[in-house]
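Examining the three-dimensional arrangement
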Amino acid sequence: MDQLLTLLKENARLSVSELAAMAAMSEEDVKSKIAAYEKDGTIRGYQALINEELADKNAVTAFIEVKVTPKAERGFDELANTIMGFDGVESVYLMSGSFDLAVTLSGTDYKEIALFVARRLSTLDGVVSTSTHFLLKKYKDRGVYMDTEIDERGLIAP
Amino acid sequence: MMDYDKLISKKCFEMKPSGIRRFFDMANAREGVISLGVGEPDFQTPWNVRQAAISSLERGKTKYTANSGMAELKTAIADKIQKDLGVTYDPSQVIVTVGGSEGIDIAIRSIVDPGDEVLVVEPCFVCYSPIVSLSGGVPVPLETKAENDFKLTADLLREKITDRTKMLILPFPNNPTGAVMDRKDLEEIAAVLEGTDILVLSDEIYSALTYGGEHTSIIQIGDMAERTILVNGFSKAYSMTGWRLGYVAAPAPLIKQMLKIHQYAIMCSPTVSQYAAVEAITACDKDVEKMRTEYDQRRRWLVKALNGIGLDCFEPRGAFYVFPSIKRTGLSSEEFCERLLNEYDVAVVPGNAFGDSGEGFIRISYAYSLKHIMTAVERINDFITHI
Ligand SMILES: Cc1ncc(COP(=O)(O)O)c(C=O)c1O
């Protein structure tokens, strides 16, 4: 991956001049490259990585495995499209293996998620079965440890 | 009551504790200090290395190894030197030591007699001169200058050579300046040494952390390997400081002598660390590259930021330190660091802790996350604007 993308992936808040220094590029090049990435959709957005356990104690996240019957013309896309339109659906992936779509859903409580699966997801045309897993604890997300790591080094050393 | 001071060996008694020690105590006495003051990597030891150590323990590998180290590791080290530098050592020309530190110790102690002069490139890591003195040798500083990018020049070397000169300690990439010696620089040094009986102790512990070009060693120049004791280790390259593992590679007759000291003082390096080191040296090139890339990004950010806030620094091309000048503040290195610590809670190391020629500079380590570095630099900026 391009060094600029690696840097942004790690810290999207780096300024243009910081990125330029770190990637050994001119500021102009950094700006135009980012603009190009945004335009062609390589960069889809910038988000903070939040430890929900601290931000919202009640928040619930579920991973739902969905088995579906693909449609003749549009394969899995049609159903994926329908599912990702619902509020609270954070991600929809097409998977290889024993199920087809992996859906991540966040909600304010367990009941909200249970109702979503029962009323909205299972009833969709083409959904064969679902299996819902609730997230209990997040240890690491997008390469970042959720517990603050303690620096065990001394303050000063030769 | 016993008067212990009288009982201590004169040489030990006269040895000064490291200048860094006082700062360490001052920093530790405060709360909420953010530090850019350490000389060890912030990364964790690669997971596969830690697993190799665990697995060795599970398999009961808890005995002494051969004095000079496990054959498998010595072979891997010789292979690595061959691959990186193109110089051939037989595994029997390698001793696995307790860090580069022990390598430095046995190299100096096996060579230096009372009265021998040892040329020490300064500013430098703190251990060389005290060990030279402990052997009765006379450390002779070679003071490198910012205007020469802190490189050792042939002129400076020539000027300090006498008929008592026994050894040159060549520590590049350098702690604390981050300076490196390119092939051309080393060729000039080699030309001065040629035809003399001066040995070189080349401390290349930061060799894996060289930016914008490959590391060059003096052993690659002409027949310099014949007169060189190469010291390297696992602490910096693989982020393995606590494992205490390094090595020396040298001509067989020198190894034979160093091995005697190692044998009597150490017996052998820690077995569990040796198993970990085999994994590190054979399976971690990618991890090293990843860490190097990240250091390099921080380095570029930091050099730009420091120059931006008015602390001039030359571009360091190795290790993980920058060494900006603080002369324009009108403060001495110690005053600068003490006030920065006491007024802004940032710990950095005064340049004179690494030799008198470090006066007027401070050492800033970038073995920290960029976020941490940015916060610290903001505080340094605040400090400078309020001096
Ligand atoms: C230049 C230099 N040499 C040697 C060492 C010793 O490292 P170790 O004994 O951990 O291998 C250090 C550590 O800071 C260093 O900076």
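Residues numbered from 1 in each chain as written. Chains lettered and ligands numbered in written order. Predicted model: local features only at pLDDT ≥ 70, side-chain atom pairs only at ≥ 80, totals over all residues. Heavy atoms only, no water.

This brings us to the overall build of chain B. Summing up its helical and strand segments, chain B has 14 helices and 12 strands in all. For chain B, whose C-alpha radius of gyration is 21 Å, the value lies close to the compact-globule estimate of 21 Å for 387 residues. For the C-alpha atoms alone, the extent of chain B along its principal axes is close to 60 × 60 × 55 Å. Residue burial in chain B is summarised as follows: out of 387 residues, 57% are buried. Pairs at least 24 residues apart make up 76% of the contacts formed inside chain B by residues separated by at least 6 positions. Surface exposure of chain B reaches about 16400 Å², of which carbon and sulfur atoms provide 51%. (Helix = DSSP H or I, 4+ residues; strand = E, 2+ residues; numbered from the N terminus. Rg over C-alpha atoms; globule rule 2.2 N^0.38 Å. Buried < 20%, exposed > 50% of the residue type's maximum accessible area, 1.4 Å probe, protein only. Contact = heavy atoms within 4.5 Å. Areas by Shrake-Rupley, 256 points an atom, 1.4 Å probe, with all protein chains shown as cover.)

Residues and elements named next belong to chain B. On inspection of all chains with the given rule, the structure shows 30 salt bridges over all chains. Between Asp345 and Arg30 there is a salt bridge whose closest N-O contact spans 2.8 Å. Of this pair, Asp345 sits in the loop between α13 (333-344) and β10 (346-347) while Arg30 sits in the loop between α3 (20-28) and β1 (34-35); the two residues are 315 residues apart in sequence, bridging distant segments of the chain. The class for Arg30 is partly exposed, based on a relative accessible area of 30%. A salt bridge links Asp84 to Lys80, with the shortest nitrogen-to-oxygen separation between them at 3.0 Å. Taken together, the residues span about one helical turn, with Asp84 and Lys80 both in helix α5 (residues 71-85) at a distance of four residues. In this structure, a network of salt bridges that share partners links the residues Lys151, Asp182, Lys184, Asp185, Glu188 and Arg317. (Salt bridge = Lys/Arg side-chain N within 4 Å of Asp/Glu carboxyl O.)

Backbone torsion omega between Glu122(B) and Pro123(B) reads -5°, so that peptide bond is classified as cis. Mapping Pro123(B) onto the fold places it in the loop between β3 (117-122) and α7 (128-134). The omega torsion of the bond from Asn175(B) to Pro176(B) falls at 20°, within 30 degrees of zero and hence cis. Along the chain, Pro176(B) falls in the loop between β5 (165-170) and α9 (183-193). A positive phi is found at Arg142(A), a non-glycine position, where the angle reads about 45°. Residue Arg142(A) is classed as exposed on the basis of its relative accessible area, which comes to 56%. The phi dihedral of Ser239(B) falls on the positive side, at around 55°, and the residue is not glycine. Its place among the elements puts Ser239(B) in the loop between β7 (228-233) and β8 (246-249).

A few words on the interface of chain B and chain A. Taken residue by residue, the interface counts 32 residues in chain B and 18 residues in chain A. Taken over both partners, the interface formed by chain B and chain A buries close to 1900 Å², and the fraction arising from carbon and sulfur atoms is 61%. Considering only the side of chain B, the residues that lose the most area to chain A are Gln297(B), Arg300(B) and Lys304(B), jointly responsible for 26% of the buried surface there. If you look at where chain B meets chain A, you find one salt bridge. Where Lys304(B) meets Glu27(A), a salt bridge forms, and the shortest distance between an N and an O atom there is 3.6 Å. Between the two partners, chain B and chain A, sit 12 residue pairs in polar contact (both at pLDDT 80 or more). When contributions to the side of chain B that touches chain A are tallied by element, the ones reaching two or more residues are α3, α12 (285-308) and α14 (370-386) of chain B. Broken down by element, the residue count for the side of chain B that touches chain A peaks at six residues, all from α12(B). Taken together, the residues of the side of chain B that touches chain A break down into 19 nonpolar, seven polar and six charged. (Buried area = accessible area lost by both parts, 1.4 Å probe. Polar contact = N/O pair within 3.5 Å; in protein donor to acceptor, adjacent residues only side chain to side chain. Nonpolar A, V, L, I, M, F, W, Y, C, P; charged D, E, K, R; others polar.)

As a further point, take the site of the ligand. Residue and element names in this part refer to chain B. Every one of the 13 residues lining the ligand counts as a neighbour, but Gly100, Ser101, Asp203, Ser235 and Lys236 are closest to it. Here an oxygen atom of the ligand and a side-chain polar atom of Lys236 are 2.6 Å apart. Starting from 400 Å² of accessible surface for the ligand in isolation, the protein chains cover 94%. When residues in the shell around the ligand are grouped by element, the largest group, four residues, is from helix α6 (residues 99-111). Grouping the amino acids of the shell around the ligand by side-chain chemistry returns five nonpolar, five polar and three charged. (Near = heavy atom within 4 Å.)

Now for the domain arrangement of chain A. Here chain A is described as being made up of domain 1 (3-40) and domain 2 (52-134). Between domain 1 of chain A and domain 2 of chain A, the C-alpha centre-to-centre distance is 34 Å. (Domains from an automatic or database assignment.)

Looking now at the sheet that holds strand β2 (residues 89-94) of chain A. Residue and element names in this part refer to chain A. Judged by pairing direction, the sheet is antiparallel, and its four strands sit side by side in the order β2-β3-β1-β4 without closing on themselves. This sheet does not close on itself; its edge strands, each paired only once, are β2 and β4 (127-134). Shown here is a sheet whose adjacent strand axes are inclined to one another by a mean of 20°, direction ignored. By the bridge criterion, seven bridges tie strand β1 (residues 60-68) to strand β3 (residues 101-107) in an arrangement that is antiparallel. (Pairing = 2+ DSSP bridges. Axes fitted to C-alpha atoms, helices over the stretch in contact; angles between N-to-C directions.)

For the rest of this paragraph, the subject is the sheet that holds strand β9 (residues 321-322) of chain B. All names here are of chain B. Reading across from one edge, β9-β12-β11 is the order of the three strands in this open sheet, with antiparallel pairing throughout. One side of each edge strand has no neighbouring strand; the edge strands of this open sheet are β9 and β11 (349-350). As paired elements, β11 and strand β12 (residues 362-365) share two bridges and run antiparallel to each other. From the neighbouring strand, Pro350 faces β12, where its bridge partner is Ile362.

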